Amino acid sequence: MAALSVVCAGTIFLYLLRESAPVFFAEGSGFLTRSDWWVGESYGAGSMIFGSFMVTGIALIIILPFALGGAVFTSEFLSPRWRLVIKSVMELLAGVPGIVYGLLGMSMLAVWVKSGFGLIDGNTIFTAGLLLGIMILPTIITLSEDALRSVPGEYRETALALGLTRIEMVWSTVIPQAVPGIIGAIFLGMGRAMGETIAVMLVIGGLDKIPAPWFDVFQAGQSIPSKLGREAAEAIGSGLHWNALMGLGLTLFLVVMTLSMAGNMFLKRVRM
Amino acid sequence: MKREVVEKSALGVLAILTGTGVLLLLLILGSVIWKGGPALSWEFLFEASSDFGNAGGIYYQTVGTLLLMLGAALISMPIALGTALYLTEYTQSETVKKVLRNLIYSLNAMPTILFGLVGYLFFGVFLNTGVSWLTGMLILAVMILPTLQVSIQEAIEGIPEKYRETGMSLGLDHLAQVRSVIIPHSWHGMITGVLLGLARAAGETAAIMFTATTFSGILLPQSWADPVPTLQTHILVLAQDAVNSAALTKAWGAALILLFIVFILISFSFLLRERLKMEAEL
Amino acid sequence: MSKIKNVMEMDNAAIFYNGKPVLDKVCCGFRVNAVTGVVGASGSGKTTLLRTLSRLNDRVGGFRVHGQVRLEGHEIYGNGTDVYQLRRRVGMVFQKPVVFPKSIFKNAVFGLKHLAPEMKKEFPQAAERVLREVFLWDEVKDRLHKPAQTLSQGQQQRLAIARTLAVDPEIILMDEPTSSLDPKSSTAIEELIVSLKNRHTLVLVTHHLAQARRVCDDLLFLNEGTVWEQGGCLEMFENPKRKETHEYLSRWNVDEPAV
Ligand SMILES: Nc1ncnc2c1ncn2[C@@H]1O[C@H](COP(=O)(O)OP(=O)(O)O)[C@@H](O)[C@H]1O
Ligand SMILES: [Mg+2]
């Protein structure tokens, strides 16, 4: 069945494949591993691929405590009324347009990062990761909360009847059963983060380079969608440059689809 | 004793972590209002922009955003309804259902920039609609399809079996059943889906920035083939190229309007859901 | 019971859910203009039998019918049966009253709207006719356009019957139509059933044996998925052929409905 869904997304896949084929012929696997992107000369997408994974990783590390803590507290300790409040807040947050996040990130977050860490420029991989973390918070909270709520109430009562405190009960009975759902939520959140364009584009610095050392995230970088957003308009139909961008699109597509498929499998997808 | 302390402190930490989400929303709202508020005025809302966005208002940008999102919803709605009806009423085949569901999920997870790229090549180049209002609507229509479809389908699946069976027992055929039982009992799902889909379309930038919009020049599209200015791309351009703080204030003002549109739509969907919940409990 | 008079009959029918037989070797008939009661313990297959007669289980996956089910001699599970027409001719009234969240009037003409849209002008008369038939007219004539949910359960059930009558079925199947109603409403429905006999054939599933005795002409006793006994109603109460029938029916004058 999973194979069939591949067939479904296949049209877009084939399209991207066809459009990007020339760059793979020209660059070979170097397209994915080298990071020299000089329009007209060579196309190595390494720095964008690195950047995409890096910002997604940072986003997750920063936001997971908030997302999971929030989900547990909302599902297990809040009254229905307050649950509804949190859920509504999350829905509103999820609705904030990417461009508004971008504007906030660019003119506030980047400034804070700059002064907070004593940098010359606040537009860094870290800034993008932080902003993305905020953006995927609602996705992860909402889906993990659903996973926690779907654990049947009898388990909770049994544990409480044995004399466990509420925290012990949640930790030892509810969370273990909700783990697959929570993992699913995280995968879908990662997919979201990986594909975000506008907000990242405005704060990541736009430098096609892997920082040295690679873990110095307080330098400017580039992600795949950000690169696409910057260059696609001028490159449409212009030979190898266009093919290379489509190669980036294809890479992004494959990564995000893998994440989303894995996520949906973990969630046994009943709802979006 | 120790267990109690653990319980209390754990709860405290969790509460703080949860509170952060609420704070974030307040912070975002507060910042946008604080920074965009000064830009607001009657002229800002109802005048054309001038001097590359440094002066004037955002009237045509707002109209452009509304046009794009309404067009997208209008195109998406019949497709979403058709898909939902097909899945719930017409096909028994589990394979077909699974394939369609997976397709919908894939569409929902797709990075929007890819909609922009592939959508432009498919509609703009292959179907020759160019960089235009029409291309933007079509791309956004595909993009919001999952939102509408899932909402409609959940509503249809929530229809009590007794209503279908009563319709059946009176000899209604498929079409009559759809017209008299299914649609009247699931319209709320349609409206909720449309509201959320509109909100999604209004907030989208990557998919339309090089497929449907221009920064300046055109005021209102004279035909399907013209591009439109939008709030999203207006903010983007001002944010990227702003040389003075006046332009940035205009960007914040536009962001405030955009956020307002999106939040209004989402809030209406809340209201609708709450009202229905109350009715269901009657 | 001569064969010709049976409007509907089952001939050696077996009915399965997911390969599991629920009814087996069923032979039975329903006489024209008679009320046939179907009695038997819960789970004996009464609802399944009714739903089979109007093909309401078509949408249920894993449902199969073997043998013959005939309406006026025509096999209803054969090719070329117009299932919508069949369901119009064989109406069904459910255990819990079902009214749509619409006005009383719209509920009454709900079926007509689709089956005879060209008669739209005559809908008010049609509504009045069927509402009179179910003795509801006087109670609702001043509030025809109020929501049907404002009616009492008993009134709702009569409205449901009126809605079925409006599409003029030859046979009306009723699955425990009074089991969720108070005694007074039950009596009203019983009287209604008797009055409908003139123009319709009725099949009534009931757990209420005294009710069966009062309104039914024939009786069909189901036990664990087979027809245990079929015959005239009084005769079965007074002179059952089988011991089990006797055991089941003998409690008819205990006031509570037998379960
Ligand atoms: N949709 C169904 N799928 C599987 N089994 C069913 C279904 N409906 C009824 N049954 C089974 O068929 C048997 C007869 O049920 P039913 O006809 O409802 O009995 P009654 O109405 O006499 O109480 C029961 O054992 C029940 O579990
Ligand atoms: Mg039953």
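Our subject is the structure that appears above.
Residues numbered from 1 in each chain as written. Chains lettered and ligands numbered in written order. Predicted model: local features only at pLDDT ≥ 70, side-chain atom pairs only at ≥ 80, totals over all residues. Heavy atoms only, no water.

Draft legend 1. Geometry of the sheet that holds strand E4 (residues 63–71) of chain C. All names here are of chain C. Taking strand neighbours across the sheet as the criterion, the four strands line up as E2-E1-E4-E5 in an open arrangement whose pairing is antiparallel. The open sheet is flanked by strand E2 (20–31) and strand E5 (74–75), the only strands paired with a single partner. The pairing of strand E1 (residues 6–17) with E2 spans eight bridges and is classified as antiparallel. Within the sheet, the bridge partner assigned to Phe16 lies in E2 and is Pro21. (Pairing = 2+ DSSP bridges. Helix = DSSP H or I, 4+ residues; strand = E, 2+ residues; numbered from the N terminus.)

Draft legend 2. Here's a closer look at helix H12 (residues 239–267) of chain A. In a regular helix each residue adds 1.5 Å, so 29 residues correspond to 42 Å; H12 of chain A covers 41 Å between its end C-alpha atoms and thus fits that length. Of the residues trailing H12 of chain A, Lys268 of chain A is marked for its positive phi of about 45 degrees. (Expected span 1.5 Å × (residues − 1).)

Draft legend 3. Local environment of the packing of aromatic side chains. A complete count under the given rule lists 16 aromatic pairs over all chains for this structure. Ring centres of Trp214 of chain A and Phe215 of chain A lie 5.6 Å apart, and the angle between their planes is 85 degrees; on these two criteria the pair is classed as edge-to-face. Assigned by exposure class, Trp214 of chain A and Phe215 of chain A land together as exposed. On the numbers, 5.7 Å between centres and 50 degrees between planes, the contact of Tyr17 of chain C with Phe63 of chain C is tilted. Of this pair, Tyr17 of chain C sits in strand E1 while Phe63 of chain C sits in strand E4, and the two are 46 residues apart along the sequence. Overall, the relative accessible area of 24% leaves Tyr17 of chain C in the partly exposed class. Clustering of aromatic rings is evident, with ring pairs tying together Phe50, Trp214 and Phe215 of chain A. Between the NZ or CZ atom of Arg18 of chain A and the centre of the ring of Tyr15 of chain A, over which it lies, the distance is 5.4 Å. The ring of Phe237 of chain C has Arg213 of chain C sitting right over it, with the charged end atom 5.2 Å from the ring centre. (Phe/Tyr/Trp six-rings, centres within 6.5 Å; stacked < 30°, edge-to-face > 60°. Buried < 20%, exposed > 50% of the residue type's maximum accessible area, 1.4 Å probe, protein only. Lys NZ or Arg CZ within 6 Å of the ring centre and 35° of its normal.)

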